[in-house]
Amino acid sequence: MTALPGRRRSAQSPAGAPDGLPSPGRFAHLHPEDGACLMEAAALLSSGRFTDSPAGAHPALAALARVVNDSVGDGARHALWPLAADLADAHPSGRAFAPVLVGTVVDAARLVRPSSRPLARYGRACRRRADRVTRASVGGAAARICDLLWWRGPGRRHLEHALRVLCAAPDAEQRLSGVLRQAVAQAREHPDEWAPGREVSRNRQARGERWGGRRDAGASPEGS
């Protein structure tokens with residue numbers, strides 16, 4: 001691959017990752033020279049902006065990617081780095097994606113704590129939510145508001161609880177990496193034709209030429 005113009009190729013560029021990206025790092029960063037988390041790298045590839053909450057990214061998928069990025073060690077983070085390109089292109093459609101994603105993480109946590117009643121309850125709640133929105137014929141602004149309220153309320157709480165369980169597992173890195181790969185694969189199975197950044201695959205190189213020197217000065221309220 002050709003390195004993006006205006007940027008020096010990272011000395012630690014993992015195999016399979018687009019050249020010219022900043023080095024993988026934990027947490028949020030002020031500038032690409034300091035490194036980047038997975039979502040910051042995905043934002044550079046998709047729009048040229050340096051932020052860990054890029055426009056068009058599904059909030060549940062972005063939240064999962066940020067936690068996994070910050071919770072694994074350097075070796076696992078390097079192995080996950082090629083997912084930045086997949087995250088840049090992943091714009092899942094369908095109202096059921098968020099409860100399905102959260103349910104997937106909850107199910108992974110239940111493998112660690114099979115007797116956990118809260119996790120069992122959260123899993124049932126996610127499945128009910130996914131079934132309900134799949135069958136619903138109502139769309140538009142009202143549906144989007146309901147989905148946002150679910151994600152910012154019970155959806156986020158269920159995800160955070162499950163991730164705490166996974167982070168405490170002896171083999172946390174393997175489990176966290178696996179659940180993120182599974183979530184990205186699910187997101188890319190059903191791309192949204194109207195999502196921002198849909199043309200990323202065709203225009204990534206052209207857009208990448210614009211991000212050298214650009215930065216997002218404002219800190220994200222949901223940063224890494």
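Use the structure listed above.
Each value, and the rule that gives it
- Residues numbered from 1 in each chain as written.
- Predicted model: local features only at pLDDT ≥ 70, side-chain atom pairs only at ≥ 80, totals over all residues.
- Heavy atoms only, no water.
- Axes fitted to C-alpha atoms, helices over the stretch in contact; angles between N-to-C directions.
- Helix = DSSP H or I, 4+ residues; strand = E, 2+ residues; numbered from the N terminus.
- Parallel < 35°, antiparallel > 145°, perpendicular 65-115°, else oblique.
- Left-handed = near helix turned anticlockwise from the far one by under 90°.
- Contact = heavy atoms within 4.5 Å.
- Nonpolar A, V, L, I, M, F, W, Y, C, P; charged D, E, K, R; others polar.
- Salt bridge = Lys/Arg side-chain N within 4 Å of Asp/Glu carboxyl O.
- Buried < 20%, exposed > 50% of the residue type's maximum accessible area, 1.4 Å probe, protein only.

### Focus: the packing of helix α5 (residues 97-112) against helix α6 (residues 117-135)
- At their nearest, the axes of α5 and α6 sit 9 Å apart, and the two run at 155 degrees to each other. By the angle between their directions, the pair α5 and α6 is classed as roughly antiparallel. Regarding α5 and α6, the two cross each other, and that crossing is left-handed. Here Pro99, Val100, Val102, Gly103, Val106, Asp107, Ala109 and Arg110 of α5 come into contact with α6, specifically with Leu119, Ala120, Tyr122, Gly123, Cys126, Arg127, Arg129 and Ala130.
- When grouped by side-chain class, the residues that make up the contact of α5 with α6 number ten nonpolar, two polar and four charged.

### What about the pattern of salt bridges?
- Tallied over the full model, the rule gives five salt bridges.
- The closest approach of N and O atoms between Arg77 and Asp74, which form a salt bridge, is 2.8 Å. Taken together, the residues Arg77 and Asp74, both in helix α3 (residues 74-80) and three residues apart, mark about one turn of the helix.
- Classification of Arg77 as buried rests on a relative accessible area of 2%.
- For the salt bridge of Asp107 with Arg127, the shortest nitrogen-to-oxygen distance reads 3.8 Å. Residue Asp107 is located in helix α5, and its partner Arg127 is located in helix α6; the two are separated by 20 residues in the primary sequence.
- Members of the salt-bridge network, linked through shared partners, are Arg95, Arg129 and Asp147.

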